[in-house]
Amino acid sequence: MRKFIFSIAMLLATAASSLACTNLIVGKNASADGSTIVSYSADSYGLFGELYHYPAATYPKGTMLKVYEWDTGKYLGEIEQARQTYNVVGNMNEYQVTIGETTFGGRPELVDPTGIIDYGSLIYITLQRSRTAREAVKVMTELVQQYGYYSSGESFTVADPTEVWILEMIGKGPGVRGAVWVAVRVPDDCISAHANQSRIHRFDLNDKENCLYSYDVISFAREKGYFNGLNKDFSFADAYSPLDFGLRRFCEARVWSYFNRFTDYGDEYLPYIKGETNEPMPLYVRPNRKLSVQDVKDMMRDHYEGTPLDLSNDFGAGPYKSPYRLSPLNFNVDGKEYFNERPISTQQSGFVFVAQMRADKPDPIGGVLWFGADDANMTVFTPVYCCATKAPVCYTRVDGADYITFSWNSSFWIYNWVANMVYPRYNLMIEDVRAVQQEAESTFNAAQAGIEDMAAKLLEKDKNAAVEFLTNYTNMTAQSTLDAWKQLGTFLIVKYNDGVVKRVKDGRFERNSIGQPAPVLRPGYPKEFLEEYVKQTGERYLVKEPSK
C-alpha cells in the first residue's frame, strides 16, 4: 500500500490556496493545553453522518423559523427567528461555543408531543444565538419554556473556552409547556461524562454561580409523586430518571470506563456498575493526569479493553477478537434474558467529534472541532475550524448520499465501507487501519501550531483572509483523508481477499523473482477458537483413518 504521508510543508502550501450517545468532558485546568475539551458520538441507528453548516445571517424583525425534528425531519411548528445569527459548523459556533447531548429518556409520561422544540433543533438553534456557554443555557431553557419541549429527557454538554456545563432537562407531560431542568458547571480541574443516563443527583441550591435550575424542579417532582423528602436531599436523576439494569450497565458503564482510565477510582466505582451497590459515581472527578485532545479522541475508541468488561476475550468476540456486538443489546435464550456490553465506541455511530476550545487564542483560531464520520474507532478526526464558512463536500450529502444511498465521494460511506471489511476479522486487520489512522492524526497534530501561526498573521491584517485560509485547510484535510481511506480500502480487499493474507514488504505486495505474486499466507482460525470448535462439534470433524 502506498504510505499515507502528509508533508507538513505541503499542508501549509495547500491550505493557503448524534438512545445512544456519549459525551466526555475535560475542564480547562484538567487539560494538557489549557483548553476545554468535550466529545460527542452521535450513535443513533439510521443517522447519516454529516457535518452541518449554518452561516451567520441577519433577519428582519418578525421573520419566522420553521422547526423540524432532528431525528425524523417531522415538521413541529415555527418560532420567531433571531435578528442576528452566528456561524455554526457542526456542533460549534464562531465563538467556540459547543453543545453535545445524550438522551436519557426518563419518565415517558413527561414527553409533550405538542412541543415545538426537539432536542436536536434546540442544539443548533441555540448555537446560532449564543456567545458563551452560560448564555446558551439561558437560551435553551427559555426556548423550551416559550415554545414547549418535544423530546424526552436529555443531558446536554454546553461549553465554551472557559466553562463547561451539564444541563439536564425533561418535559412536563402532554400539553404542559416548558421543562424542569438543572445545570451544573463542571469545575475547571475536573473531568466528567454522561452517556444516556441522567447524572445530576443532589445539587447545591444556594450556589447561583455554578448551579442553575428551574424554579419548579423540586416542586414539580413532589406534585407528580416522584419525591417526598427534604429539598436538600432532592436528586434530579432519582426523581426523573430512576435507575434500572440497562441504564446502569449500558450507560453508566461508559462513564465508568472514562473515569477508570484517567482516575484512581475505577475499582471503587466498579461495584456500582455491576449492581453490587446503588451509590452512584460522582458527577465529576479530578483526573490523575492532564488529558490531551488526543487522549479524548482515543477514549472515544474505547471498548473496555483491559477491564473486567472487555468484550474481546469471550465467545461473543468470535475467532478474531471483535469488540463489537450486533444489536439489540438484550436477547433471550430458553426463557432467560441476557445482554451484551455497550462500550463508548459502537458501529452505529453516524458521526463523532472532539471539540477543543481555547481562551488564549482568537475565536477563529481557538475553536477546533475534530470531526469524523462513522465510528470513532474506525475514522480519522480531521480539524474543522469554528470559523469555517463551508463544510467539506465529503462531509455533506454529496451525490445525494444519505443513510441508504452510497457515494464513493462521501466520507460516511467510505469509512463504513472500510469498517465493515474489518469487523468480521478484527484483530487480523485492525493494525492496518491503525497505521493509517495514527499517521493521519499525528500529522494533523504536528501541523496544528504552524497552521495557526499562519492564520494568526493573516488575522492581524485581514480577518476574511484568515477565515478563508482556515476554511480551505478544513476542507483540504477532510478530502485528503477521504482519498487516503479509499486507498486503505483497496489495500485491505487485496491483502485479505478470500480469507488468505497477501505478503507485504515495505508497503508493497511482494512478488517472486519472476514477477509473480508471492505465495499467500493462510492464517486459518486462532488456536483458542479451534479448541472451542472441537468442544462444540465433538468428533464430527475428527480425522479417522479407514479401517483395514
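In this report, we go over the structure that sits alongside the text. (Residues numbered from 1 in each chain as written. Predicted model: local features only at pLDDT ≥ 70, side-chain atom pairs only at ≥ 80, totals over all residues. Heavy atoms only, no water.)

Some thoughts on the overall build of the protein chain
Inference 1: A count of helical and extended segments in the protein chain gives 13 helices and 23 strands.
Inference 2: The C-alpha atoms of the protein chain give 25 Å as radius of gyration, which agrees with the globular expectation for 548 residues (24 Å, within 12%).
Inference 3: For the protein chain, the C-alpha atoms occupy an extent of roughly 90 × 65 × 45 Å along the three principal directions.
Inference 4: Classification of the 548 residues of the protein chain by burial places 56% in the buried group.
Inference 5: Carbon and sulfur atoms form 52% of the exposed surface of the protein chain, whose accessible area is close to 24,100 Å².
Inference 6: Looking at charge distribution, the protein chain has the averaged site of its 57 positive side-chain charges lying 4 Å from that of its 67 negative ones. (Helix = DSSP H or I, 4+ residues; strand = E, 2+ residues; numbered from the N terminus. Rg over C-alpha atoms; globule rule 2.2 N^0.38 Å. Buried < 20%, exposed > 50% of the residue type's maximum accessible area, 1.4 Å probe, protein only. Areas by Shrake-Rupley, 256 points an atom, 1.4 Å probe, with all protein chains shown as cover. Lys, Arg positive; Asp, Glu negative; His and termini not counted. Charge placed at Lys NZ, Arg CZ, Asp CG, Glu CD.)

A closer look at helix α2 (residues 119-127)
Because each turn of an α-helix spans 3.6 residues, side chains separated by three or four positions in sequence point in the same direction.
Inference 1: By the criterion of burial, α2 is predominantly enclosed, with nine of the nine residues buried.
Inference 2: Those residues of α2 lying buried are Tyr119, Gly120, Ser121, Leu122, Ile123, Tyr124, Ile125, Thr126 and Leu127.
Inference 3: Two to three positions downstream of the cap, the backbone nitrogen of glycine 120 sits 3.1 Å from a side-chain oxygen, assigning the N-cap of α2 to aspartate 118. (Polar contact = N/O pair within 3.5 Å; in protein donor to acceptor, adjacent residues only side chain to side chain.)

As for the sheet that holds strand β1 (residues 21-26)
Inference 1: Pairing is antiparallel in the open sheet, where seven strands are placed in the order β16-β14-β1-β2-β19-β20-β21. The sheet is open, and its two borders are formed by β16 (284-285) and β21 (382-385), each paired with just one other strand.
Inference 2: Here strand β2 (residues 36-42) runs beside strand β19 (residues 351-357); their pairing, made up of seven bridges, is antiparallel. Along β19, the bridge assignment pairs isoleucine 37 with glutamine 356. (Pairing = 2+ DSSP bridges.)

Observations concerning the environment of proline 287
Inference 1: Among the structural elements, proline 287 can be located in the loop between β16 and α8 (293-299).
Inference 2: Counting along the chain gives 234 residues from proline 287 to leucine 521, while the straight-line C-alpha distance between them is 45 Å.
Inference 3: Among all residues touching proline 287, those that are not within four sequence positions of it are Ala30, Asp189, Cys190, Ile191, Phe262 and Thr263. (Contact = heavy atoms within 4.5 Å.)

Some remarks on the pattern of salt bridges
Inference 1: One pass over the structure, following the stated rule, counts 23 salt bridges.
Inference 2: Close ionic contact of arginine 261 with aspartate 302 constitutes a salt bridge, the shortest N to O distance being 2.9 Å. Of this pair, arginine 261 sits in helix α6 (residues 245-262) while aspartate 302 sits in the loop between α8 and β17 (330-333), placing them 41 residues apart in sequence.
Inference 3: Note on aspartate 302: relative accessible area 2%, which makes it buried.
Inference 4: For glutamate 539, the salt bridge goes to lysine 544, with nearest N and O atoms at 4.0 Å. Neither residue differs from the other here; glutamate 539 and lysine 544 are each classed as exposed.
Inference 5: Several salt bridges converge on common partners, so that one network encompasses Arg134, Glu163, Arg185, Asp188 and Glu209. (Salt bridge = Lys/Arg side-chain N within 4 Å of Asp/Glu carboxyl O.)

Quick word on the state of the cysteines
Inference 1: Within this structure, the stated rule accounts for zero disulfides.
Inference 2: Not engaged in a disulfide, the cysteine cysteine 21 finds its nearest cysteine sulfur in cysteine 251; these two sulfurs lie 10 Å apart.
Inference 3: With no disulfide of its own, cysteine 394 lies 17 Å from the sulfur of cysteine 387, the closest cysteine sulfur. (Disulfide = S-S within 2.5 Å.)

Side note on unusual backbone geometry
Inference 1: In this model, serine 327 is joined to proline 328 through a cis peptide bond whose omega is 0°.
Inference 2: Among the secondary structure elements, proline 328 is positioned in the loop between α8 and β17.
Inference 3: A positive phi is found at glutamine 96, a non-glycine position, where the angle reads about 70°.
Inference 4: Mapped onto the secondary structure, glutamine 96 falls in the loop between β9 (92-93) and β10 (98-105).

Remarks on a nonpolar patch on the surface
Inference 1: On the surface, a cluster of nonpolar side chains totalling about 410 Å² of accessible area is made up of Tyr525, Leu530, Tyr533 and Tyr541.
Inference 2: The topology assignment puts tyrosine 533 in helix α13 (residues 527-537). (Patch = residues over 30% accessible without salt bridge, like charges linked within 9 Å, V, L, I, M, F, W, Y side chains within 5 Å.)

Digging into the nonpolar core
Nonpolar side chains in soluble globular proteins generally cluster together in the buried interior.
Inference 1: Core analysis: the largest hydrophobic core is formed by 157 residues, its most contacted members being Phe156 and Tyr240.
Inference 2: Per-element accounting of this core gives the leading share, eleven residues, to helix α12 (residues 463-495). (Core = buried A, V, L, I, M, F, W, Y, C linked by side-chain atoms within 4.5 Å.)

Just geometry here; none of it tells us what the structure is for.
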